[in-house]
Amino acid sequence: MATLLERLRGQRGQWVKADRFEFKLRRPTRLEMQKMPAGYLVGDLIVAFVVDWRGLTEQDIVGGDKADAVAFDKDVWSEWIADRPHLWPAILDALSAAFEEYARRQEDAAKN
């Protein structure tokens, strides 16, 4: 059974497709957004807020002939995504849309 923290974070999660891969994003909290220093880089967002993947194999990551699925690893993710800028736009668009939707819902709730 998922812990309370896992369930709480899970509410901010969503899957996004980029190329032939799927990545699970965790929408940043308002506090996380406020803590981001000026000049926070696109890559920092991608690394920090992608928390899982589906469909990545050892072959995708290091080449070779092993087509076995690989469990998500934050360090491997950070290294692997750094050289795949063609995947960044889909991930960033989904992160941005998730945060904007959250902010809109919060503003709507405050009006009521």
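A. Main features of a negative patch on the surface. A surface patch of like charges, here negative, comprises D73, D75, E79 and D83. Among the structural elements, D73 can be located in the loop between α4 (58-62) and α5 (74-81).

B. Local environment of helix α6 (residues 88-111). Taking 1.5 Å per residue as the helical rise, α6 with its 24 residues ought to reach 34 Å, and the 35 Å between its terminal C-alpha atoms agrees with that figure. Taken residue by residue, α6 has I91, A94, L95, A98, F99, Y102 and A103 as its buried positions. Against the buried residues of α6 lie β1 (13-18), β2 (21-26), α2 (30-35), α3 (42-49), β3 (50-54) and α5.

C. Quick look at the environment of A98. Among the structural elements, A98 can be located in helix α6. In this structure the C-alpha to C-alpha distance between A98 and G13, which are 85 residues apart in sequence, comes to 9.1 Å. Setting aside chain neighbours within four positions, we find A98 in contact with Q14 and R27.

D. How the structure looks around the packing of aromatic side chains. Applying the stated criterion to the full structure yields nine aromatic pairs. Summarising the aromatic geometry, the rings of F99 and Y102 are spaced 6.1 Å apart at their centres and angled 50 degrees between planes, so their arrangement reads as tilted. Of the two residues, F99 and Y102 are both situated in helix α6; the distance of three residues between them amounts to about one turn of the helix. For the pair shown, F99 and Y102 are each scored as buried. What links up through ring pairs into an aromatic cluster is the set F21, F23, W53, F72, W77 and W80.

E. Fine view of the environment of V50. Counting through the fold element by element, V50 comes out in strand β3. Along the primary structure V50 and S78 are separated by 28 residues, whereas in three dimensions their C-alpha atoms are 9.5 Å apart. When residues no more than four places from it in sequence are discounted, the contact partners of V50 are F23, K24, L25, F72, K74, W77 and I91.

F. Expanded view of the side chain of R12. When you line up the elements, R12 lands in the loop between α1 (4-10) and β1. Of the side chains with opposite charge, E32 lies nearest to the buried R12, which makes no salt bridge, at 4.3 Å. Residue contacts for R12: discarding those within four places in its chain leaves L25, R26, R27, T29 and E32.

G. Looking closely at α5. Taken together, the buried positions of α5 are occupied by W77, W80 and I81. Buried positions in α5, seen along its axis, are confined to an arc of 85 degrees and lie on one side of it. For α5, exposure combined with an orientation more than 90 degrees from the buried face picks out D75 and E79. Of the surrounding elements, those touching the buried residues of α5 are β2, α3, β3, α4 and α6. Where α5 begins, the capping side chain belongs to D73, and its oxygen is found 3.0 Å from the backbone nitrogen of D75.

Conventions used here
- Residues numbered from 1 in each chain as written.
- Predicted model: local features only at pLDDT ≥ 70, side-chain atom pairs only at ≥ 80, totals over all residues.
- Heavy atoms only, no water.
- Patch = residues over 30% accessible without salt bridge, like charges linked within 9 Å, V, L, I, M, F, W, Y side chains within 5 Å.
- Areas by Shrake-Rupley, 256 points an atom, 1.4 Å probe, with all protein chains shown as cover.
- Salt bridge = Lys/Arg side-chain N within 4 Å of Asp/Glu carboxyl O.
- Lys, Arg positive; Asp, Glu negative; His and termini not counted.
- Charge placed at Lys NZ, Arg CZ, Asp CG, Glu CD.
- Helix = DSSP H or I, 4+ residues; strand = E, 2+ residues; numbered from the N terminus.
- Expected span 1.5 Å × (residues − 1).
- Buried < 20%, exposed > 50% of the residue type's maximum accessible area, 1.4 Å probe, protein only.
- Contact = heavy atoms within 4.5 Å.
- Phe/Tyr/Trp six-rings, centres within 6.5 Å; stacked < 30°, edge-to-face > 60°.
- Arc of directions from axis to C-beta.
- Polar contact = N/O pair within 3.5 Å; in protein donor to acceptor, adjacent residues only side chain to side chain.

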